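# A look at the structure
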Amino acid sequence: RARFHFFQSLKLQRKQKLQEGKTGLIFIAGMHRGGTGFTENSLKAGLGIQDISESYARYNDGFYPKYGIVEMPGNLGTNHLLPMPDGIMDTHAGAIEANLKTLPLITDKILVIVRDIRQSIISKIAYSEFLRYNGNISALLQYQYPDGFFHWPIEKKIDWQIDNYYTPADIEWITGWLKADANPNFPCEIFFSKFEDLVTNPKKYFQDILSFYDIPEDKFIYPRKPKFKKNTHLRKGSINEWKDVLSKDQINKIDALIPEDWFDRFDWPR
């Protein structure tokens, strides 16, 4: 009962903040390589709010999709309860048990960003080269690259990732959030945004997010189209590159792993 009433207080706090011209907490859970960073930066700049991940409820990223933990704010363990803050949290948090227990104590709404899994694998493999180029050892360990991976031809890299990590990880991550959304006992309202909409219709993409958080559009300054550069994490922002890079067998293999109803739900081409 205490958790229920605390969650109801979050909804009332957000309503009050919106009446005062504020935003409340915008919480993002985004797929790796799904435009999460660009979305967060655009909302932060366009609404004039701060990233509060370090000061409020820290997010400990690691071993996607199983162990990205959203910490419970320290004040919830004391008698000095603080109101919902105004700001944004950008995470790759999965819908794992620990997060499903913590999130209803910090937010009533969650923005989940997904990307076509077939394009995601291309982006992640390119991102792996960026990590190697920058010597990011901890990230290279996190993404579980096997010995010799960076000497393999791209076809072998893709095959290994379809069978062993990237594709299964993305499917597990999306499945978790879909189950949370369908769970009547999980109180947070979830909105699914798509990377493809960010690319093809960015204005509507942000309009939908603002509408979900009940933030007036006139409070937001729309971002400029990002500039993509080689040897950075901002690569191409493509949505159809997979059609040229993946072999027919690889496409068929991934398509067979993706639940059939996702193609319609997320408007992914067959």
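Now for a quick tour of the structure. (Residues numbered from 1 in each chain as written. Predicted model: local features only at pLDDT ≥ 70, side-chain atom pairs only at ≥ 80, totals over all residues. Heavy atoms only, no water.)

## Notes on helix α6 (residues 154-164)
Structural remark: α-helix, 3.6 residues per turn; residues separated by three or four positions point the same way. Turning to α6, its buried residues are K157, I158, Q161 and I162. All buried residues of α6 project into a common sector of 130° when viewed along the axis, lining one side. Where α6 is buried, its residues meet α4 (117-133), α7 (166-182), α10 (242-245) and α11 (248-257). (Buried < 20%, exposed > 50% of the residue type's maximum accessible area, 1.4 Å probe, protein only. Helix = DSSP H or I, 4+ residues; strand = E, 2+ residues; numbered from the N terminus. Arc of directions from axis to C-beta. Contact = heavy atoms within 4.5 Å.)

## Some words on the sheet that holds strand β1 (residues 25-30)
Ordered by their spatial adjacency, four strands build an open sheet running β4-β1-β5-β6, and the pairing between neighbours is parallel. The open sheet has two edge strands, β4 (87-91) and β6 (189-194), and neither has a second partner. Across the sheet, the axes of successive neighbouring strands diverge by a mean angle of 20°, strand direction being ignored. For strand β5 (residues 109-114) and β6, the ladder comprises six bridges, and the chain directions are parallel. Residue I110 lies in a different strand from β6, and its bridge partner there is I190. (Pairing = 2+ DSSP bridges. Axes fitted to C-alpha atoms, helices over the stretch in contact; angles between N-to-C directions.)

## Digging into the packing of α4 against α6
The description of two packed helices rests on the angle between their axes and on the distance between the axes. Contact geometry of α4 with α6 gives a least axis separation of 11 Å together with a crossing angle of 115°. Read as a crossing pair, α4 and α6 show a hand that is right-handed. Across from I121, I122, I125 and E129 in α4, the residues of α6 making contact are K157, I158, Q161 and I162. Residue composition of the contact of α4 with α6, by class: five nonpolar, one polar and two charged. (Left-handed = near helix turned anticlockwise from the far one by under 90°. Nonpolar A, V, L, I, M, F, W, Y, C, P; charged D, E, K, R; others polar.)

## Examining the packing of α4 against α7
Where α4 meets α7, the closest approach of the two axes is 10 Å, and the angle between their N-to-C directions is 125°. Considering the angle they form, α4 stands oblique to α7. Handedness of the α4/α7 crossing: right-handed. Each of I117, S120, I121, K124, I125 and S128 in α4 lies in contact with α7, whose residues at this interface are Y166, T167, D170, I171 and I174. (Parallel < 35°, antiparallel > 145°, perpendicular 65-115°, else oblique.)

## Focus: unusual backbone geometry
With phi around 65°, R33 is a residue other than glycine that occupies positive phi space. Within the element layout of this structure, R33 appears in the loop between β1 and α2 (36-47). Classification of R33 as buried rests on a relative accessible area of 18%. Despite not being glycine, D267 has its phi angle at roughly 60°, a positive value. By the element assignment, D267 lies in the segment after α12 (260-265). Since its relative accessible area comes to 60%, D267 is described here as exposed.

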